[in-house]
Amino acid sequence: MSNLGCGPGARALAPHGRAGAPNWPPMKRALVFFLALVVVAGAIVGVVLSRTHTDKVTLPSREVDTFLHAWARDDPADMATLLDRPPTDLETIGSSLVKSVPGSTADYTRTSLSGTANDATATYRAQVTLRGLGPVMWDGSLALLHTKQTGWRITWNPNLLYPGLGAGHHLTVQRTWPARASILAANGSVLAGAQASVAVGLEPDHIKTPADLAAVKAGMKSLLEIDPTTIDKLLVGSAAHPNYFVPVVTVPRNAAYPHIHDTLVPIPGVIFRATTGVSSVDDALGAQILGTVGDVTADGLKKLGAPYKAGDQVGTSGLQAIYEKLLAGAPSTTVVIADANGNTVRKVKTFPGKAAQPVRLTIDLATQKAAETALAGTTQNSALVAIDPTTGAIRAVVSKPYNGFARALSGQYPPGSTFKVITSTALLAGGDNGSTPAPCPAKITVGGESFTNFEGEAPGAIDLATAFAKSCNNAFIGLADKLRPDALGKAATMFGFNSHWTLGVDVAGGSYPTPRDSAERAASAIGQGRVLASPVEMASIAAAVASGRWRAPILVTAPARTVNPVGPPLSPVVVSTLRSFMASVVRTGGTAAGSGLPLDSFGKTGTAEFGRGTPPPTHAWFIGYRGNLAYAVIVEGGGVGGAVAAPIAAAFLRALPQ
């Protein structure tokens, strides 16, 4: 068979009709094909590797996290190193929200990161926990650029701190306090609350002469009880601005105000400015019990914490301080975007506040006024407390001077012969009665200690009832010496001595230490030695006789307080006898006879020795009750209870509404 077309330039046909393919054996063809595949694959891998190496991107995760951590710890210097154009006010605006509520914390966490070799975008989750309020959360973003000179830098824009934040803006909080609640009397009338007031102050450059200054001090002292040294301190402190108003005291615009104004306004340098303040309607209750309201101090801020800030008005003493958070409530707090002048641009979130709640006391204003009237003419330190015997509710409390120590509640004194109510209880419980012989010699010796009656009296052979009416010391010492050693202590505990109870304000009860020997036990039988009691405790003893059992006094009824202790019921026989004893004190032959006390009243005088001297000075006491009101009166260093304290008690009863 001949080959067709054989000649110059002609190609033979390859097997299977493929022109130009070498006619190789099958194994050789497979090897050639494999080598061709290797070459192609290598070329492809080279291209891929080359392209991967060229396009590899290192995103700025370290830079973003460093910035967020610096922000969380309020480190504007570290934050600035990662910004392309850090603002000059970064220290102010960077953590303005955290700083607006001291004690707050912040956390910023990266949530995503994407980009190229030259620019990137990061997102973060923010949570600022405002102390005492709660969290404020948002999602923000950061734009970043990369250059060979600087590396990665965050592009500054105010809204990277919070979405929508503009130039000069910052996050902060605004607070709105509710109106401060009042302290109320038992019937709901206001004892202390917001009312129109007047700030009485000075304009130093109008005080030109020593005579002017003397007039300022004298007027402030007599009308407002301002210590002259306070005026000196205020004037020294205002020396840099002699034409500024220097506030001294804020007074309510009440019935007493016109006299204050008319007397002080002619004095050079005294200035009056209308204002609204929290003040008390009763001076006697004011500073000592109700307390005062004023600017919060640094120590006060530490104790109160959030949401209080410098410049806030808070209770600074008395019940106003003790019940500050109840009376003040809590402010509503709004997180806002504010401009450089503090004006609100936009509200972000509001935390609701808490309404202020009043505090209600057991004080009865009519009884309170009667107590103040009774002590009005007393120039010595003194106190009067009145109690409802059936409940223990304090109806009146007065301590003089008004701006001094709250001696009616917190003062502790030897009770003297008023303690004979308790000694009589121990004697009656031990089997004695009113007819029990109670010899009262002028002098008696117990445990090597000699005791004499007041002013050397020696009524001789009398019974217990007469000894109580005449308050014969040695009769009680002699009878008590025959009691069991613990009898007086047990009787004292039945009347609240050595028990713990509270009023809401500082209070002292009665203290009966275990006598160290028979001589001290003899002294304790007449309320001397180491026995101490407050006027409110002694009023509660008179109340116990009136009601038949001792009850711890109560001052605050709202908010409800823990129930105060109540003593065991007194024996009906003991109660009946004590009442007859106390009735005899105000009648003919008793130590309070002639004091003006009504014959249907009950009481016990006390003349309690204290300090040193021959004879030692004495406090004048009287405790008693009439109807549903028990009371105690003390005049420090006043002398004889029947001659000094009992007439004050009589004046108190006369001043009560009939």
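Residues numbered from 1 in each chain as written. Predicted model: local features only at pLDDT ≥ 70, side-chain atom pairs only at ≥ 80, totals over all residues. Heavy atoms only, no water.

## A word on the overall build of the chain
From N to C terminus, the chain includes 22 helices and 26 strands. Taken over the C-alpha atoms alone, the chain extends approximately 180 × 70 × 45 Å along its principal axes. In the chain, which comprises 658 residues, the share counted as buried stands at 46%. Residue pairs in contact within the chain that sit at least 24 positions apart in sequence constitute 65% of those at least 6 positions apart. Of the accessible surface of the chain, which amounts to about 31,600 Å², a share of 56% is contributed by carbon and sulfur atoms. Charge centroids of the chain, computed over 54 positive and 43 negative side chains, lie 10 Å from each other. (Helix = DSSP H or I, 4+ residues; strand = E, 2+ residues; numbered from the N terminus. Buried < 20%, exposed > 50% of the residue type's maximum accessible area, 1.4 Å probe, protein only. Contact = heavy atoms within 4.5 Å. Areas by Shrake-Rupley, 256 points an atom, 1.4 Å probe, with all protein chains shown as cover. Lys, Arg positive; Asp, Glu negative; His and termini not counted. Charge placed at Lys NZ, Arg CZ, Asp CG, Glu CD.)

## Structural notes on the pattern of salt bridges
Any two side chains of opposite charge can pair, on the condition that their charged atoms come close. Within the structure shown, the criterion is met by 19 salt bridges. With a closest N to O distance of 3.7 Å, K99 and D74 form a salt bridge. Separated by 25 residues along the polypeptide, K99 in helix 5 (residues 96–100) and D74 in the loop between helix 2 (61–72) and helix 3 (76–80) bring together distant segments of the chain. For K99, a relative accessible area of 42% translates into the label partly exposed. (Salt bridge = Lys/Arg side-chain N within 4 Å of Asp/Glu carboxyl O.)

## Focus on the nonpolar core
Counting 114 residues, the largest nonpolar core has L361, I394, F497, L597, F622 and F652 as its most contacted members. Apart from residues lying up to four places away in sequence, F497 is in contact with F419, I422, A492, G510, S511, Y512, V531, L532, A533, E537, M538 and I541. In this structure, L83, V128, V136 and V335 belong to the second largest nonpolar core, which totals 37 residues. (Core = buried A, V, L, I, M, F, W, Y, C linked by side-chain atoms within 4.5 Å.)

## Here's the deal with helix 18 (residues 487–494)
All of the buried residues in helix 18 are A487, L488, G489, A491 and A492. Summarising the contacts, the buried residues of helix 18 are in contact with helix 15 (420–429), helix 17 (473–480) and helix 19 (518–524). Looking at the residues trailing helix 18, positive phi occurs at G496, about 90°.

## As for the confidence of the model for the chain
Of the residues in the chain, 91% reach a pLDDT of 70 or more, and the chain-wide mean stands at 89. Overall, residues 1–22 carries pLDDT values under 50, and its contacts beyond four positions in sequence, including any with other chains, amount to 8 contacts. Below pLDDT 50 for its whole length, residues 30–55 participates in 1 contact with residues either more than four positions away or in separate chains. (pLDDT = per-residue confidence, 0-100.)

## With respect to the packing of aromatic side chains
Evaluation of the coordinates by the stated rule reveals 16 aromatic pairs. Here Y413 and W621 contribute two aromatic rings whose centre-to-centre distance is 6.2 Å and whose plane-to-plane angle is 80°, an arrangement assigned as edge-to-face. Of this pair, Y413 sits in the loop between helix 14 (407–410) and helix 15 while W621 sits in strand 25 (residues 618–626), and the two are 208 residues apart along the sequence. The same class applies to Y413 and to W621, which are both buried. (Phe/Tyr/Trp six-rings, centres within 6.5 Å; stacked < 30°, edge-to-face > 60°.)

## Observations concerning the sheet that holds strand 1 (residues 105–115)
The 4 strands lie next to each other as 1-2-3-4, forming an open sheet whose pairing is antiparallel. Two strands in the sheet have a free side with no partner beyond their single neighbour: strand 1 and strand 4 (151–154). This sheet shows a mean twist of 25° between the axes of neighbouring strands, independent of strand direction. Both strand 1 and strand 2 (residues 119–130) contribute to a ladder of 10 bridges, which runs antiparallel. When the bridges of strand 2 are listed, Y108 appears paired with A126. (Pairing = 2+ DSSP bridges. Axes fitted to C-alpha atoms, helices over the stretch in contact; angles between N-to-C directions.)

## Focus: unusual backbone geometry
A cis amide bond links K400 with the next residue in sequence, P401, at an omega value of 0°. Within the secondary structure layout, P401 lies in the loop between strand 16 (394–400) and helix 14. Here A558 and P559 are connected by a cis peptide whose omega angle stands at 5°. A positive phi angle, close to 60°, is found at E225, a residue other than glycine. By the secondary structure assignment, E225 is in the loop between helix 6 (210–224) and helix 7 (228–237).

## Digging into the packing of helix 6 against helix 7
The contact between helix 6 and helix 7 brings their axes to 9 Å, and the two run at 130°. By the angle class used here, helix 6 and helix 7 are oblique. Considering the relative orientation of helix 6 and helix 7, their crossing is right-handed. Counted together, L213, V216, K217, M220 and K221 of helix 6 and P228, I231, D232 and L235 of helix 7 form the full contact between these two elements. A breakdown of the residues in the contact of helix 6 with helix 7 according to their chemical character gives 6 nonpolar, no polar and 3 charged. (Parallel < 35°, antiparallel > 145°, perpendicular 65-115°, else oblique. Left-handed = near helix turned anticlockwise from the far one by under 90°. Nonpolar A, V, L, I, M, F, W, Y, C, P; charged D, E, K, R; others polar.)

## Examining the sheet that holds strand 26 (residues 629–635)
If you trace the 5 strands from one edge of the open sheet to the other, you get 16-15-26-25-24, paired in antiparallel fashion. At either margin of the open sheet sits one strand with a lone partner, and together these are strand 16 and strand 24 (602–609). Adjacent strand axes in the sheet meet at a mean angle of 10° when their direction is disregarded. Of the strands in this sheet, strand 24 and strand 25 are in contact with helix 21 (residues 572–585), which crosses strand 24 at around 75°.

## Focus on the pairing of strand 2
Only one face of strand 2 is covered, namely the face carrying A120, A122, Y124, A126, V128 and L130; the face carrying D119, T121, T123, R125, Q127 and T129 is uncovered. Where strand 1 hands over to strand 2, the hairpin turn is made up of 3 residues, counted between the paired strands. As judged from the 12 bridges shared by strand 2 and strand 3 (residues 134–147), these two strands associate in the antiparallel manner. Opposite Y124, over in strand 3, you have G140 as the bridge partner. Joining the antiparallel neighbours strand 2 and strand 3 is a turn of 3 residues, in which G132 adopts a positive phi near 80°.

## As for helix 13 (residues 365–375)
Among the residues making up helix 13, those that are buried are T367, Q368, A370, A371, E372, A374 and L375. Lining the buried residues of helix 13 we find helix 9 (283–290), strand 15 (382–387), strand 16, strand 26 and helix 22 (641–655).

## A word on the packing of helix 6 against helix 8 (residues 257–264)
In helix packing, the relevant descriptors are the interaxial angle and the interaxial distance, both defined with respect to the helix axes. Packing of helix 6 against helix 8 brings their axes to within 10 Å, and their N-to-C directions diverge by 170°. By the angle between their axes, helix 6 is roughly antiparallel relative to helix 8. Across the interface between the two elements, G219, M220, L223 and L224 of helix 6 pack against H259, I260, T263 and L264 of helix 8.

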